[in-house]
Amino acid sequence: MPLHYWKGDKDFGLSPETSVQEKAHEAAEWRGVMARWKRILARGLEDAMQLLYPPRCLFCQRVLPWPDRVGICTNCHPEEYYLPEPGCRQCGRPVSRQGALCQNCSLHHIQIPGKSLFVYDGAVQEAIHRFKYDGQKAYGKVFASCMAKVLWPPGGEATKEPTIVTPVPLHAERYHGRGYNQAEVLAKEFAEQTGCVMRKLLVRVRNTDPQNALSATARKKNLQDAFTAVEDQAVGRHIIVMDDIYTSGSTIEACGEALRRVYPDVEVRFMTIAMKV
């Protein structure tokens, strides 16, 4: 008499006549059915949550039309928040003439060049705060899309060779308190949209004091030996360090120093959502 067991509403026979391959196929088929139901239920729950808590524009917080799940409304224009030109030849901070070096880069001998998209103020500042502290991880996709369109144009010089994108890491204590690293979310989305490769090359080995209340000199001291880099065979000739905000450049510089100790021949640049000016 054949043995049987029941799982859900599907009966799997264990008779000697049933081959191992048939049983494996039936089990895989059942797992596929369950996975499809899970996706349907998850989508239904998400739609229900949208009715209770409708998605809002990243900048102005107006309710977005159905079925938009995250984005920027038609009344808001991201280009209004872009960093003005001309920009510092090293960091992109607004300067009076093309090709000039800003006071911050000149005074603090900034070594890592790069770009930021927005001015960190007003609606952008509030959006980054929600992205960083209020669990709005979906903002990462929108920010990454804006950055990819403006800072990473198709066919540009920067797109001709594979580039590694690495996020500025959080210390483990801060990560567990927040639940995610907004720079990592941003880097993953940016890599997906541009064809770059995301790798976590940096580790925060020391839990530093918050940077926002410190002077530029104190910021640099606060981050001394805070990061270390790990070796990764995927690294080629270019690394982009990605973060949400660029202020004095001390965080990016500390990350760059750690990377250059491990990858002395690799070009290191930065990219952030916004810059304090």
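For the structure, check the block above.
The structure contained in this document is the topic of the report that follows.

Considering the side chain of R204
Phase 1: In this fold, R204 is placed in strand β6 (residues 202–204).
Phase 2: Although R204 is buried, it makes no salt bridge; D243 carries the closest opposite charge, 6.9 Å away.
Phase 3: Within the structure, R204 has its side chain in polar contact with the backbone oxygen of P169 (distance 2.9 Å).
Phase 4: R204 has contacts with V168, P169, L170, H171, L223, A226 and F227, leaving out every residue within four places of it along the chain.

Some words on a nonpolar patch on the surface
Phase 1: On the surface, a nonpolar cluster with roughly 360 Å² of combined accessible area is contributed by W37, I40 and L41.
Phase 2: As for its placement among the helices and strands, L41 is situated in helix α1 (residues 20–52).
Phase 3: Classification of L41 by relative accessible area gives exposed; the value is 58%.

As for the state of the cysteines
Phase 1: Inspection of the entire model under this criterion finds 0 disulfides.
Phase 2: This cysteine, C73, is not joined by any disulfide, and C60 carries the nearest cysteine sulfur, 3.6 Å off.
Phase 3: Using a relative accessible area of 11% as the deciding quantity, one classes C73 as buried.

Focus: the sheet that holds strand β8 (residues 238–246)
Strands in a sheet are paired, the pairing made by backbone hydrogen bonds, and the direction either parallel or antiparallel.
Phase 1: The strand order across the open sheet formed by 5 strands is β3-β9-β8-β4-β5, and the pairing between neighbours is parallel. At either end of the open sheet lies a strand with only one pairing partner, and these are β3 (114–119) and β5 (197–198).
Phase 2: Bridge count between β8 and strand β9 (residues 267–275): 8 bridges; the pairing is parallel. Each bridged residue has a counterpart across the sheet, and for V241 the counterpart in β9 is F270.
Phase 3: Helix α8 (residues 250–262) contacts β4 (164–167), β8 and β9 of the sheet and is inclined by roughly 160° relative to β8.

Focus: the packing of helix α4 (residues 139–151) against helix α6 (residues 182–194)
Phase 1: Axis separation between α4 and α6 bottoms out at 8 Å; the angle between their running directions is 50°. It follows from the interaxial angle that α4 and α6 lie oblique. Where α4 crosses over α6, the handedness of that crossing is right-handed. Where α4 approaches α6, its residues G140, K141, F143, A144, S145, M147 and A148 are matched on the opposing element by V185, L186, E189, F190, Q193 and T194.
Phase 2: In the contact of α4 with α6, the residues fall into 7 nonpolar, 4 polar and 2 charged.

A few points about the packing of helix α3 (residues 122–133) against α4
A pair of packed helices is characterised by two quantities: the angle between their axes and the separation of those axes.
Phase 1: Two numbers describe how α3 lies on α4: the axes approach to 10 Å, and their chain directions differ by 135°. The pairing of α3 with α4 is recorded here as oblique in orientation. Between α3 and α4, the contacting residues are A127, I128, R130 and F131 on the first element and Y139, G140 and F143 on the second.
Phase 2: Residue composition of the contact of α3 with α4, grouped by class: 5 nonpolar, 1 polar and 1 charged.

Cut-offs applied
Residues numbered from 1 in each chain as written. Predicted model: local features only at pLDDT ≥ 70, side-chain atom pairs only at ≥ 80, totals over all residues. Heavy atoms only, no water. Helix = DSSP H or I, 4+ residues; strand = E, 2+ residues; numbered from the N terminus. Buried < 20%, exposed > 50% of the residue type's maximum accessible area, 1.4 Å probe, protein only. Lys, Arg positive; Asp, Glu negative; His and termini not counted. Salt bridge = Lys/Arg side-chain N within 4 Å of Asp/Glu carboxyl O. Polar contact = N/O pair within 3.5 Å; in protein donor to acceptor, adjacent residues only side chain to side chain. Contact = heavy atoms within 4.5 Å. Patch = residues over 30% accessible without salt bridge, like charges linked within 9 Å, V, L, I, M, F, W, Y side chains within 5 Å. Areas by Shrake-Rupley, 256 points an atom, 1.4 Å probe, with all protein chains shown as cover. Disulfide = S-S within 2.5 Å. Pairing = 2+ DSSP bridges. Axes fitted to C-alpha atoms, helices over the stretch in contact; angles between N-to-C directions. Parallel < 35°, antiparallel > 145°, perpendicular 65-115°, else oblique. Left-handed = near helix turned anticlockwise from the far one by under 90°. Nonpolar A, V, L, I, M, F, W, Y, C, P; charged D, E, K, R; others polar.

Such coordinate-based values are descriptive only and should not be taken to indicate function.
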